[in-house]
Amino acid sequence: MTSIGLTTRDVARELARRYSTMTHDELDILESVLIPMKFQKGEKILSEGDTCTYIYWIVKGLVREFYFKNGKEVTEYMTTENTIVMSIESLFKEQPTKLQISALEPTLIYAMPRQLLEQVAMKSVNIQILYRKILEESLILSQVHADMLRFETAQDRYMKLVKLQPQLVLRAPLVYIASYLQMTPETLSRVRTSALMDRS
């Protein structure tokens, strides 16, 4: 799905296709919740100290979620089109976040305000299902990434990322990929060289 000529209705349909079937009326409701937002490369979507109030659906672009530890940036999460990003703890505790989200490319997002989404979910079982599945998916992705870092070798981590998010590997700067996989850029360089040699 490209963003050229994309309407809010198209985005509502794509969300319904992915997470929960909806009637015409339910699509109307979901469409009324969606807020289009555009970000330039390098622009902050969420800053440290902000309270996250939206669930962000990425229509086009590449985003990175990160935090500072001992004065260094640590990449928590990166993702591309047709995926969700948010600071889940800040969203539900309604407290300032330590995480930051920034656009690594020009990015088009459709944001869903959490409180409004919860209100409409009370009146629609299918929107309730969509909301629950979005949260489930976010938690599962977080667990998969945590397990990958805990249990897998540097090479296996990289190969899994290539398999699960090939666009990310092609488009994201290597320094961020290395941070996301919790390895040095030098280790990542060796792992990539080894992976290319295995394929040839």
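Our subject in this report is the structure included herewith. (Residues numbered from 1 in each chain as written. Predicted model: local features only at pLDDT ≥ 70, side-chain atom pairs only at ≥ 80, totals over all residues. Heavy atoms only, no water.)

Some details on unusual backbone geometry
And step 1. Despite not being glycine, Asn 70 has its phi angle at roughly 50 degrees, a positive value.
And step 2. Locating Asn 70 in the fold gives a position in the loop between β4 (63-69) and β5 (72-79).
And step 3. With relative accessibility at 76%, the residue Asn 70 sits in the exposed group. (Helix = DSSP H or I, 4+ residues; strand = E, 2+ residues; numbered from the N terminus. Buried < 20%, exposed > 50% of the residue type's maximum accessible area, 1.4 Å probe, protein only.)

Regarding the sheet that holds strand β8 (residues 107-113)
And step 1. Overall, antiparallel pairing links the four strands, which are arranged β1-β8-β3-β6 in an open sheet. Of all strands in the sheet, those bounded by a partner on one side alone are β1 (35-39) and β6 (83-85). Averaged over all neighbouring strand pairs, the angle between strand axes comes to 35 degrees, with direction disregarded.
And step 2. As defined by bridge partners, strand β3 (residues 54-60) adjoins β6 across three bridges and the pair is classed as antiparallel. Paired with Trp 57 across the bridge in β6 is Ile 84. (Pairing = 2+ DSSP bridges. Axes fitted to C-alpha atoms, helices over the stretch in contact; angles between N-to-C directions.)

Let's talk about helix α1 (residues 8-19)
And step 1. The end-to-end C-alpha distance of α1, which contains 12 residues, comes to 16 Å, matching closely the 16 Å that a straight helix rising 1.5 Å per residue would cover.
And step 2. Among the residues of α1, those classed as buried are Arg 9, Val 11, Ala 12, Glu 14, Leu 15, Ala 16 and Tyr 19.
And step 3. Here the buried face of α1 lies against α2 (24-33), β3, β6, β8 and α5 (125-151). (Expected span 1.5 Å × (residues − 1). Contact = heavy atoms within 4.5 Å.)

Here's the deal with the side chain of His 145
And step 1. With respect to the helices and strands, the residue His 145 is situated in helix α5.
And step 2. On the accessibility criterion, His 145 (12% relative accessible area) is buried.
And step 3. Of note is the side chain of His 145, whose polar atom sits 3.2 Å from the backbone oxygen of Tyr 180. (Polar contact = N/O pair within 3.5 Å; in protein donor to acceptor, adjacent residues only side chain to side chain.)

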